[in-house]
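Okay, here's what each chain looks like letter by letter:
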Amino acid sequence: MTEIIDLLLTLSQDIKDLKARIELLRQSRAEVLKDTWIDNQYVLQTLHISKRTLQTLRTNGTLPYSKVKGKFYYRVADIEQLLQDNYYNHNFKQDGNK
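Residues numbered from 1 in each chain as written. Predicted model: local features only at pLDDT ≥ 70, side-chain atom pairs only at ≥ 80, totals over all residues. Heavy atoms only, no water.

### Let's talk about the packing of aromatic side chains
A complete count under the given rule lists 1 aromatic pair for this structure. Taking 5.3 Å as the distance between ring centres and 70° as the angle between the ring planes, the aromatic pair formed by Tyr-65 and Phe-72 counts as edge-to-face. By relative accessible area, which is 16% here, Phe-72 ends up buried. A cation sits over an aromatic face here: Arg-58 above Tyr-65, 5.9 Å from the ring centre. (Phe/Tyr/Trp six-rings, centres within 6.5 Å; stacked < 30°, edge-to-face > 60°. Buried < 20%, exposed > 50% of the residue type's maximum accessible area, 1.4 Å probe, protein only. Lys NZ or Arg CZ within 6 Å of the ring centre and 35° of its normal.)

### As for the pairing of strand E3 (residues 71–75)
Side chains Phe-72 and Tyr-74 project from E3 onto a buried face, and the interleaved Lys-71, Tyr-73 and Arg-75 project onto a face without burial. In terms of strand pairing, strand E2 (residues 66–68) meets E3 through 3 bridges, oriented antiparallel. From the neighbouring strand, Val-68 faces E3, where its bridge partner is Lys-71. Between the antiparallel neighbours E2 and E3 lie 2 residues, among them Lys-69 with a positive phi of about 50°. (Helix = DSSP H or I, 4+ residues; strand = E, 2+ residues; numbered from the N terminus. Pairing = 2+ DSSP bridges.)

### Points about the pattern of salt bridges
Scanning the model with the defined rule gives 2 salt bridges in all. In this structure, Asp-39 and Lys-71 form a salt bridge, with 3.5 Å as the shortest nitrogen-oxygen distance. Placement of Asp-39 in strand E1 (residues 37–39) and of Lys-71 in strand E3 is noted, with a sequence separation of 32 residues between them. Linking Arg-75 and Asp-78 is a salt bridge whose minimum nitrogen-to-oxygen distance equals 3.7 Å. (Salt bridge = Lys/Arg side-chain N within 4 Å of Asp/Glu carboxyl O.)

### Here's the deal with the sheet that holds E2
Strand pairing in a sheet takes place through backbone hydrogen bonds and is either antiparallel or parallel in direction. Strand order in the open sheet made by the 3 strands is E1-E3-E2, with antiparallel pairing throughout. Both edges of this open sheet fall to E1 and E2, since each of them pairs with a single strand only. Geometrically, the sheet is characterised by an average inter-axis angle of 35° between neighbouring strands, direction not taken into account. With respect to the sheet, helix H2 (residues 40–47) is in contact with E1 and E3, its orientation differing from that of E1 by roughly 85°. (Axes fitted to C-alpha atoms, helices over the stretch in contact; angles between N-to-C directions. Contact = heavy atoms within 4.5 Å.)

Quick look at the structure:
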């Protein structure tokens, strides 16, 4: 009976170790993606915006970009920052209190 308990404890620890490793991989992948460059089409599909809206974001300096041979590219980190800067929660006042 103690062998089964020991086996279960070992198995439980192995599962905890695997969970920790998966979380580390997930975090490192998110960090890698922040430095990734994506093209115009991907931004349009991801943000569900029109070409004109994306052009406006470029023109007024809201969204930094790079242009190579007529094709526009954007950093994922810049898009995340744009979304974060414009985040609004109607349940909270400007000072952060309800």
